[in-house]
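Examination of the molecular architecture
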Amino acid sequence: MQAGGCVKAIIEAQPNEGGFPVQANRIRRLGIPIMTSKILLKAIPNKENTGITGAVIADCKNFEPIPGTEKLIDGIDAINICTGLESDDQLLIKGREIFGRNVYGSGDAIRIGEGTSAVLKGKQVAFEILDDLAEHFDYNEYLAISKEYIDSQQHPVRVIERAFDPTEERIWQKPFVIIDCLYGFACNPCEFSCPQGAIRKTSTSTVPTIDFEKCIGCMECVYQCPGLAIFGYNINKDWIFLPIEYDVDEGSDVFFS
Ligand code: SF4
Ligand code: SF4
């Protein structure tokens, strides 16, 4: 989508989305359906056999198609099949096994995950390097970081049912944001993007909370949230601030559904 492609649908063989709910909601907001318990049966080739024009999908259970539920998705020219991501650890292994060096890995070299999880792993590894160098460090801090890193790998858990709202009085005082991030998972750019310290996220298993008294409505967090889950409002000016991930010409019409 960021490259200008048009996505007709996302199908998922499991009965639920495999990724983070905040990212799935970001896709839904763009009007793209996420169809769970569906399996791809075949691609329909074009006349010249140089590409495709459609795909046949079906309902499925335990990754087996259910006969009689086949459906055609037409008007497409590509099917992108995703089977999960593998760590990019070739350099790490080479360094250890071929060159016999003390090589430390973090981020995608260890595990593909959210950015915050990679940052936590980087911090954990930094402590381990200090340990190997026989340098002093705060072991409790190392344990706390390690716990956060392990927690960051859990499947997101729903923590709150709906986003925090400002009071009726606060709504009219100054601009504000609503954070539509309801699941605990390893992510917190919203917290460090706020120059007022109005957003707090205490761990990877909590959701960000907002102090509407501290928030001045600068909208910095709207642009910084990778999940596009923060929406800004300036009621007195009749403005809303939407997070978008591709270029839109100024003055374009925007439709809400
Ligand atoms: S709008 Fe600005 S002040 Fe308010 S929470 Fe976001 S970054 Fe902080
Ligand atoms: S930056 Fe904050 S609001 Fe955005 S997805 Fe991450 S935790 Fe949620």
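The rules we used
- Residues numbered from 1 in each chain as written.
- Chains lettered and ligands numbered in written order.
- Predicted model: local features only at pLDDT ≥ 70, side-chain atom pairs only at ≥ 80, totals over all residues.
- Helix = DSSP H or I, 4+ residues; strand = E, 2+ residues; numbered from the N terminus.
- Rg over C-alpha atoms; globule rule 2.2 N^0.38 Å.
- Buried ≥ 20, exposed ≤ 12 C-beta atoms within 10 Å, placed from the backbone.
- Contact = placed C-beta atoms within 7 Å.
- Pairing = 2+ DSSP bridges.
- Axes fitted to C-alpha atoms, helices over the stretch in contact; angles between N-to-C directions.

1. Brief notes about the overall build of the protein chain
Looking only at helices and strands, one finds seven helices and 13 strands in the protein chain. Taken over C-alpha atoms, the radius of gyration comes to 23 Å for the protein chain, far larger than the 18 Å a tight globule of 257 residues would show. Seen along its three principal axes, the alpha-carbon backbone of the protein chain occupies a region of about 70 × 65 × 35 Å. Each of the 257 residues in the protein chain was classed as buried or not, and the buried ones make up 19%. Long-range contacts, defined here as pairs at least 24 residues apart, represent 49% of the contacts in the protein chain between residues at least 6 apart.

2. Remarks on helix α2 (residues 90–98)
Judged by how many residues are buried, α2 sits mostly at the surface: zero of nine residues are covered. Once α2 ends, the next one or two residues include Gly-100, with phi positive near 60°.

3. Details of the environment of Leu-143
Along the polypeptide, Leu-143 turns up in helix α4 (residues 139–151). On a C-alpha basis, the gap between Leu-143 and Gln-124 in space is 8.6 Å, while along the polypeptide they are 19 residues apart.

4. Let's talk about the sheet that holds strand β12 (residues 230–234)
Within the open sheet, the three strands sit side by side as β8-β12-β13. Their pairing is antiparallel. Edge strands, defined here as strands with exactly one partner in the open sheet, are β8 (176–179) and β13 (239–241). Neighbour-to-neighbour, the strand axes of this sheet turn through a mean angle of 25°, independent of strand direction. Alignment of β12 against β13, held across three bridges, turns out to be antiparallel. From the neighbouring strand, Asn-234 faces β13, where its bridge partner is Trp-239.

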